[in-house]
Amino acid sequence: MATSDISKVVLAYSGGLDTSVIVPWLKNNYSCEVVCFCADLGQEEELDGLEAKAIASGASKLYIRDVREEFLTEFVFPTMRAGAIYEREYLLGTSFARPLIAKHMVEIAEMERADAVAHGCTGKGNDQVRFEVSTMALNPKLKTIAPWREWDIRSREDALAYAEEFNVPVSQTEKDIYSRDRNIFHLSHEGGLLENPWNEPEDSMYQLSKSPEEAPDEAEYIEIEFEEGYPVRLNGEILSAVDLFMRLNKIGGNHGIGRSDIVENRLVGMKSRGVYEAPAGTIVHRAHQLLESICLDKHTMQYKDILAAKYAELVYNGMWYSKLREALDAFVDVTQRTVSGVARLKLYKGNIEVAGRKSPYSLYREDYASFGEEDVYNQQDAHGFIQLFGLPIKVEAMLQTEGAGKTSYRQPDYSKFKRD
């Protein structure tokens with residue numbers, strides 16, 4: 001599709017520096033109408049005055065959709081039930097928001113009869129892949145415009161200068177240069193002094209959590225109840241997904257829970273450093289792990305851990321709308337049928353300590369595990385089990401001693417077994 005064929009573009013708009021300057025840039029370079037779309041994912045005060053800002057930047061209109069409940073129930077919870085964590089630590093707070101934004105952006109583009117969609121992702125990051133692959137899956141006929149891969153702007157300083165030239169209202173300044181992404185699940189921080197991985201994050205950067213040093217001196221106990229792997233109650237009260245996360249963000253943030261400093265491997269090949277705040281997500285993840293520890297059998301849990309790594313990779317790489325991710329969900333659904341019960345946690349100065357867990361489907365039975373119980377477990381059975389379990393190793397050792405007179409691990413002394 002040629003530039004001249006584009007008359008209307010739907011822009012994924014946040015009101016930040018990048019998307020604010022993209023509005024006049026699209027108009028100047030594509031001579032098109034720009035319709036902005038913002039997904040309300042829990043940015044809270046960041047949405048204040050957003051419509052006026054978009055119009056002042058040159059957009060014809062702005063759509064804002066509250067997708068917080070959909071975000072948590074359809075994207076966050078499936079990922080958490082899968083136990084998906086990217087590279088041991090990243091809870092995927094930005095990753096699973098992008099396919100949802102793309103879904104609604106495509107819907108609005110179809111409703112507005114737009115020719116293309118646009119985003120403010122740089123050519124160095126993962127989000128460009130997530131947006132564009134999702135768009136391909138949902139409507140392959142739509143063109144995607146990625147200004148960061150086309151324009152002459154090469155830094156945030158350049159973007160600030162462009163905004164000033166075209167009278168675009170922006171909140172960023174030369175002194176506050178962090179790039180942030182916020183939703184109800186997390187808040188990420190990148191750029192600025194964080195670009196050097198040796199630099200410790202400044203405490204003033206954090207917005208959702210207290211430092212552990214400033215957290216209360218008294219611990220707080222909470223209970224989270226799950227039904228088939230979904231969190232449904234907090235301290236006995238039934239809550240919507242949004243209310244549950246809003247409360248846990250406040251509780252966890254107050255105790256310094258959920259901070260992480262990560263150097264991760266981007267899909268495009270380079271490493272990047274990000275600092276994340278995810279109080280509620282960190283708490284729910286831990287609570288879910290506790291329940292699985294008593295509700296899943298050994299083999300199911302081990303195989304689920306293997307698939308969790310693949311699930312995390314798919315989400316991180318923007319492959320939400322893929323057949324493989326759907327297939328993994330089917331496996332996860334089976335594993336979660338019995339993950340119902342309550343996890344009790346103790347929150348104290350950045351730490352989550354285990355205070356208890358219980359489930360009607362618990363596979364942990366004190367009466368079965370007792371040394372005095374013989375009806376279920378007969379200790380004499382262990383002899384045959386050990387012989388069969390160790391048989392391959394025993395046979396290998398026998399072959400080694402027959403050939404070399406010793407095993408790979410020691411030189412046996414058989415002299416004492418010789419008869420006169």
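Everything below is about the structure shown above.
A few points on the structure. Values in this document were obtained by computation on a predicted structure and should not be read as measured data.

Further remarks concern the sheet that holds strand E12 (residues 271–277). A sheet is described by the order of its strands in space; here four strands give the open sequence E6-E7-E12-E11, paired in antiparallel fashion. Each end of this open sheet is capped by a strand with a single partner; those strands are strand E6 (179–182) and strand E11 (259–265). Put simply, the sheet's adjacent strands are angled 25 degrees from each other on average, direction ignored. As defined by bridge partners, strand E7 (residues 187–190) adjoins E12 across three bridges and the pair is classed as antiparallel. Bridge assignment links Leu187 to a residue of E12, and that residue is Glu277.

Next up on the list: the packing of aromatic side chains. In the structure shown here, the tally under the stated rule is 15 aromatic pairs. Residues Trp25 and Trp151 carry aromatic rings whose centres are separated by 5.7 Å and whose planes lie at 90 degrees to one another, so their mutual orientation is edge-to-face. In this pair, Trp25 is assigned in helix H1 (residues 17–30) and Trp151 in the loop between strand E5 (143–145) and helix H6 (156–165), connecting sequence segments 126 residues apart. Note on Trp151: relative accessible area 2%, which makes it buried. Ring centres 4.6 Å apart and planes at 40 degrees place the aromatic pair Tyr162 and Phe166 in the tilted group.

A word on the side chain of Ser260. Within the secondary structure, Ser260 is located in strand E11. Judged by relative accessible area, which is 17%, Ser260 ranks as buried. The contact partners of Ser260, leaving out residues within four places of it in the chain, are Glu89, Gly274, Val275 and Tyr276.

With that settled, the discussion passes to the pairing of E11. Only one face of E11 is covered, namely the face carrying Ser260, Ile262 and Glu264; the face carrying Arg259, Asp261, Val263 and Asn265 is uncovered. Sheet analysis places E11 next to E12, joined by seven bridges and oriented antiparallel. Directly across from Asn265, in E12, lies its bridge partner Lys271. Hairpin connection, E11 to E12: the antiparallel pair is bridged by five residues, and Gly269 has positive phi, about 115 degrees.

Notably, Glu44 is not glycine yet its phi reads approximately 55 degrees, a positive angle. By secondary structure assignment, the location of Glu44 is in the loop between strand E2 (33–40) and helix H2 (50–57). A relative accessible area of 45% places Glu44 in the partly exposed class. Backbone geometry places Arg113, a non-glycine residue, at a positive phi of 55 degrees. You can see Arg113 is positioned in the loop between helix H4 (98–111) and strand E4 (116–118).

Reading the values: rules and limits
Every chain's residues receive numbers from 1 upward, in the order its sequence appears when written. With pLDDT at 70 or above as the cut-off, local features in this predicted model cover only qualifying residues; side-chain atom pairs require 80 or more to be listed or tallied, and sums for whole chains, interfaces and linings still use all residues. Hydrogen atoms and water are omitted, and side-chain values are computed over all heavy atoms in the structure. Here, strands pair whenever DSSP counts at least two bridges between them. Secondary structure is summarised from DSSP: a helix means a run of H or I of at least four residues, a strand means a run of E of at least two, and numbering begins at the N terminus for each. In this analysis, axes come from line fits to C-alpha atoms, helices being fitted only over the stretch in contact, and the angle between any two N-to-C directions falls in the range 0 to 180 degrees. Aromatic pairs are defined between Phe, Tyr and Trp rings, using the six-membered ring for Trp, whenever the two ring centres lie within 6.5 Å; interplanar angles under 30 degrees are classed as stacked, those over 60 as edge-to-face, and all others as tilted. Note on exposure labels: buried denotes an accessible area under 20% of the residue type's maximum, exposed denotes more than 50%, and partly exposed covers the range between, all computed with a 1.4 Å probe on protein chains only. Two residues form a contact once any of their heavy atoms are found within 4.5 Å.

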